[in-house]
Every structure is written in structure tokens, then in C-alpha cells.
Amino acid sequence: MTTQGNNMGADWSRTCEGCCHVVEAAWPVKGSYHETVTAYRCFAPGPHRGYHIGTERLLPYIPAWCPERKKTAPDGANIEDGRPEGQI
């Protein structure tokens, strides 16, 4: 996992592409050549449900708050508490 800047918990090695919680929606654009563009929103359960995660393309990282990402880190550690999976 690679991190940058103030987003220390974000996963910069991949995007949300392919996630079952990502929904494409028409986004109205005022003053543009097009009346709408494609926007991406995350509808994963939790406090960030419906969060806008990109316009015309996804954010270049997975946000730290992502519930799918929080389940396990790439090395199998539990991101929530920092302990390896299964330890109390």
C-alpha cells in the first residue's frame, strides 16, 4: 500500500473500479458544452454512503473510510485496530 500527503490512510495503489458499491449517475453541469457528465458515487454502507468519488473518472485512490478496504489490508492486517486478523 502506498500513501501520499495528508491522505495517509488512502490506498494509492488502486481505485474503486469494479467495486459493487460504485454507481454511475448523470451529473448536471452548468455552463458546459454537455448538459450532463458521468459522476461516480459510493453507496457502501456507513457514514459516507452516497459520497461523490469522481466526475468522468474515479478518484486515483481508494479513500481511507472505505468499508471494503477496512475489512483487511493487503498484508492481512485489520486496518481498524492495526492487529493481524483474528487477534484480540
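In this report, the structure presented in the accompanying data block is examined. Owing to the predicted nature of the structure, the values given are computational and were not obtained by experimental measurement.

Thresholds applied
- The numbers attached to residues start from 1 for each chain and follow its sequence in the written order.
- At least 70 in pLDDT is required for a residue's local features to be given in this predicted model, at least 80 for side-chain atom pairs to be given and counted, and no such filter applies to totals for whole chains, interfaces and linings, which use all residues.
- The side-chain values count all of the structure's non-hydrogen atoms but skip hydrogen atoms and water molecules.
- Helix and strand assignments come from DSSP, with helices taken as H or I runs of at least 4 residues and strands as E runs of at least 2, each series counted from the N terminus.
- Burial classification: accessible surface area is computed with a 1.4 Å probe over protein chains only, and a residue below 20% of its type maximum counts as buried, one above 50% as exposed, and the rest as partly exposed.
- Note on contacts: a residue pair qualifies if any of its non-hydrogen atoms lie within 4.5 Å across the two residues.
- When DSSP locates at least two bridges between a pair of strands, those strands are taken to pair.
- Only the contacting stretch of a helix is used when fitting its axis, a line to C-alpha atoms as for every element, and angles between N-to-C directions run 0 to 180 degrees.
- We call a set of buried Ala, Val, Leu, Ile, Met, Phe, Trp, Tyr and Cys residues a nonpolar core when their side-chain atoms join them within 4.5 Å.
- Side-chain atoms alone can form a polar contact between residues adjacent in sequence; in general such a contact is a pair of N or O atoms within 3.5 Å, and within protein one must be able to donate a hydrogen while the other accepts it.

Structurally, Asp11 is set in the segment before β1 (22-28). A relative accessible area of 1% places Asp11 in the buried class.

Turning next to unusual backbone geometry. Even without a glycine there, the phi angle at Glu56 is positive, about 70 degrees. With respect to the secondary-structure elements, Glu56 resides in the loop between β3 (51-55) and α1 (67-71). Judged by its relative accessible area of 53%, Glu56 falls in the exposed class.

Within the element layout of this structure, Ala25 appears in strand β1. A residue is classified by how much of its surface remains accessible, and Ala25, at 27% relative accessible area, is partly exposed. For Ala25 and Ala39, which are 14 residues apart along the polypeptide, the C-alpha to C-alpha distance reads 5.2 Å. Discounting chain neighbours no more than four positions away, the residues touching Ala25 are Val37, Thr38 and Ala39.

Moving on: the sheet that holds strand β2 (residues 36-42). Where strands meet in a sheet, backbone hydrogen bonds hold them as pairs that are either parallel or antiparallel. An order of β1-β2-β3 is seen for the three strands of this open sheet, with the pairing classed as antiparallel. Because the sheet does not close on itself, it has two edges, and the strands there are β1 and β3. Taken over all neighbouring pairs, the strand axes of this sheet differ in orientation by 40 degrees on average, direction set aside. Sheet topology places β1 next to β2; seven bridges connect them, and they run antiparallel. In the sheet register, Glu24 faces β2, and the bridge partner there is Tyr40.

Take the nonpolar core next. If you look at the biggest cluster of nonpolar residues, it comprises eight residues: Cys16, Tyr40, Cys42, Ala44, Ile53, Ile62, Trp65 and Cys66. With near-sequence residues (within four places) excluded, Trp65 lies in contact with Cys42, His48, Tyr51, Ile53 and Lys70.

Assignment of secondary structure puts His21 in the segment before β1. A distance of 3.2 Å separates a polar atom in the side chain of His21 from a polar atom in the side chain of Glu68. Once you skip the residues sitting within four places of it in the chain, His21 turns out to touch Arg41, Cys42, Phe43, Ala44, Pro45 and Glu68.

Once that is clear, we can look at the pairing of β2. Where β2 meets β3, four bridges bridge the pair, whose relative direction is antiparallel. Within the sheet, the bridge partner assigned to Tyr40 lies in β3 and is Gly54.

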